[in-house]
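Survey of secondary and tertiary structure
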Amino acid sequence: MKSFMPPKRTLMGPGPSDVHDRILAAMARPTLGHLDPAFQTMMEEIKEGLRALFGTTNALTFPVSAPGSAGMETCFVNLVEEGDTVVVVKNGVFGERMRENVVRAGGTAVMVDVEWGKAPDVDEVDRVLAEHPQAGILAFVHAETSTGVRADAEALCAIAKKHDCLTIMDAVTSVGGIPVEIDRWGVDAVYTGSQKCLSCTPGLSPVSFSEAALERVRERTTPVASWFLDLSLVMAYWDGTGGRSYHHTAPVNPLYGLHEALVMIFEEGLEASYARHAKMHKALATGLESMGITFVVDADHRLPQLNAVRVPEGVDEASVRKHLLEAYDLEIGAGLGPLAGKIWRIGLMGTSARQENVELCITALADGLNRHQKNVDGEKALVAARAVLAA
């Protein structure tokens, strides 16, 4: 074996996003023991930063030592017991993964199926909850990565409270890119990932639980099925008030990276980060639309950080993506499920949401399309995008 030297890519797919050099440098700092007092001080700072990021005062807010899917499982495996009914809103891949988590935890999932590319209908969710009064949880995806749709989280939480349900929200793609206000909205359990709009490396999943959610955990009549993700055990390590006890060896250096990512986003300011993501999206959309490329999602429900666009008719989407990777070292994503082969997913997340990436993507796509007998004017698209960026 020889040392692995990865190629330098520009990451504009659905995740991970480009990792800033400051974060990579932070992760290269000397490793400490996971019970070292200096490391524990940093752990407390991470928890405070995550509370500010989520818009919460929840005491139980910490990063799970695993990627976003483990954050999802942490929420479901702790809050769902055998026989529980959970209403799950599904408008893409990750609503289906929520359903699988409910079933594996022994619960019954009642689905609210939504057309891919559409936002959940709050009235339909209200109707389904009314038809299933035994349901105790409503689960939904705030920012559906497979389609680029933003759900009305505040309205969905209000409907859940009306029916005396807790809420579980997937915020993997939303946190840092668009506003997330879990206390104001009334979200009871939320999870995100380190590798999207935070521009950290993959492998950590920040979560937060309301007091109502914790009360449900305390009232469980059966043990949590997962030892590693059992909140009552893992918080003995993350709770700094009464002395930490060993639970697992934390990923020390990746946590350095998350800490630096939080430092950076608060240096910029959350509102400034949201504005940057919105402006880069507008510039990219203007450029792509000038080339005749259309979006899957209506503007009112479109995510700025995840752009789902239709592949022009007659174009081999995989061949274009391959050309972008080989000729420009640029990664964009393919469609999933019923959208496979029909769309591209272009990420503008965290460090990837910057002017040079917007211009590179427009230039590369124009070249790729022209090479596949789809004539477009890349220079005109760049001029249109730059006009937005200069505004």
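The coordinates are above.
A brief report on the enclosed structure follows. Keep in mind that this is a model prediction, so the values were computed, not measured. (Residues numbered from 1 in each chain as written. Predicted model: local features only at pLDDT ≥ 70, side-chain atom pairs only at ≥ 80, totals over all residues. Heavy atoms only, no water.)

For the coordinates displayed, the defined rule picks out 0 disulfides. Its sulfur unpaired, Cys 75 is 13 Å from the next cysteine sulfur, which belongs to Cys 157. Overall, Cys 75 belongs to the buried group, its relative accessible area being 0%. Between Cys 200, a free cysteine, and Cys 197, which holds the nearest cysteine sulfur, the sulfur-to-sulfur gap is 13 Å. Taking the relative accessible area as the measure of exposure, Cys 200 reaches 0% and is therefore buried. (Disulfide = S-S within 2.5 Å. Buried < 20%, exposed > 50% of the residue type's maximum accessible area, 1.4 Å probe, protein only.)

What follows concerns the pairing of strand 5 (residues 137-141). Counted residue by residue, strand 5 has 5 buried out of 5 residues, so it is predominantly covered. Of the two faces of strand 5, the one carrying Ile 137, Ala 139 and Val 141 and the one carrying Leu 138 and Phe 140 are both buried. Taken together, the 3 bridges between strand 3 (residues 85-90) and strand 5 define a ladder with parallel strand orientation. The partner of Val 86 across the bridge, within strand 5, is Ile 137. The pairing of strand 5 with strand 8 (residues 166-170) spans 5 bridges and is classified as parallel. Its bridge partner lying in strand 8, Leu 138 is registered against Thr 167. (Helix = DSSP H or I, 4+ residues; strand = E, 2+ residues; numbered from the N terminus. Pairing = 2+ DSSP bridges.)

What follows is about unusual backbone geometry. The bulk of non-glycine residues show a negative phi, and the bulk of peptide bonds are trans. Here the amide bond leading from Gly 15 into Pro 16 is cis, since omega sits at 5°, within 30 degrees of zero. Structurally, Pro 16 can be placed in the loop between strand 1 (10-11) and helix 1 (21-27). If you check the backbone angles, Ser 199 has positive phi at about 55° while not being a glycine. Classification of Ser 199 as buried rests on a relative accessible area of 2%. Look at Gln 373: it is not a glycine, yet its phi comes out positive at around 60°. The class for Gln 373 is exposed, based on a relative accessible area of 68%.

Our focus in this paragraph is a nonpolar patch on the surface. Judged by side-chain polarity, Trp 227, Phe 228 and Leu 233 come together as a nonpolar surface patch covering roughly 280 Å² of accessible area. Residue Leu 233 is classed as partly exposed on the basis of its relative accessible area of 31%. (Patch = residues over 30% accessible without salt bridge, like charges linked within 9 Å, V, L, I, M, F, W, Y side chains within 5 Å. Areas by Shrake-Rupley, 256 points an atom, 1.4 Å probe, with all protein chains shown as cover. Salt bridge = Lys/Arg side-chain N within 4 Å of Asp/Glu carboxyl O.)

Across the 5 residues that make up strand 10 (residues 205-209), a large majority, 5, are buried. Burial along strand 10 is two-sided: the residues Ser 205, Val 207 and Phe 209 and Pro 206 and Ser 208 are all buried. As paired elements, strand 2 (residues 60-64) and strand 10 share 5 bridges and run antiparallel to each other. Note that in strand 10 the partner of Phe 62 across the bridge is Val 207.

Here we come to the sheet that holds strand 11 (residues 306-310). Adjacent strands of a sheet form backbone hydrogen bonds with each other and so pair up, either parallel or antiparallel. The 3 strands lie next to each other as 11-14-13, forming an open sheet whose pairing is antiparallel. Two strands bound the open sheet, and with one partner strand each, they are strand 11 and strand 13 (333-334). One ladder, built from 5 bridges, connects strand 11 with strand 14 (residues 343-347); its direction is antiparallel. If you follow Val 309 over to strand 14, its bridge partner there is Trp 344.

A separate point is the side chain of Glu 144. In this fold, Glu 144 is placed in strand 6 (residues 143-144). Arg 345 provides the closest opposite charge to the buried, unpaired Glu 144, separated from it by 6.7 Å. One polar contact links Glu 144 to Ser 146, side chain to side chain, over a distance of 2.7 Å. Aside from chain neighbours lying at most four places away, what touches Glu 144 is Asn 91, Gly 92, Val 93, Phe 94, Gly 95, Val 149 and Leu 303. (Lys, Arg positive; Asp, Glu negative; His and termini not counted. Polar contact = N/O pair within 3.5 Å; in protein donor to acceptor, adjacent residues only side chain to side chain. Contact = heavy atoms within 4.5 Å.)

For the rest of this paragraph, the subject is the packing of aromatic side chains. Throughout the structure, instances matching the rule amount to 3 aromatic pairs. Their ring planes at 35° and their centres at 6.1 Å tell us that Phe 62 and Trp 238 sit as a pair that is tilted. Of this pair, Phe 62 sits in strand 2 while Trp 238 sits in helix 9 (residues 231-238); the two residues are 176 residues apart in sequence, bridging distant segments of the chain. Each of the two residues, Phe 62 as well as Trp 238, counts as buried. Here Tyr 237 and Trp 238 contribute two aromatic rings whose centre-to-centre distance is 6.0 Å and whose plane-to-plane angle is 75°, an arrangement assigned as edge-to-face. Looking at Trp 238, the relative accessible area reads 1%, which means it is buried. Feature note: the residues Phe 62, Tyr 237 and Trp 238 constitute an aromatic cluster, connected by ring pairs. The lysine or arginine in question, Arg 302, covers the ring of Phe 295, its NZ or CZ lying 4.1 Å from the ring centre. (Phe/Tyr/Trp six-rings, centres within 6.5 Å; stacked < 30°, edge-to-face > 60°. Lys NZ or Arg CZ within 6 Å of the ring centre and 35° of its normal.)

Here Ala 171 is to be found in the loop between strand 8 and helix 7 (182-185). Along the chain, Ala 171 and Ala 143 lie 28 residues apart, while their C-alpha atoms are 6.3 Å from each other. For Ala 171, the contacting residues outside a window of four places in its chain are Val 190, Tyr 191 and Thr 192.

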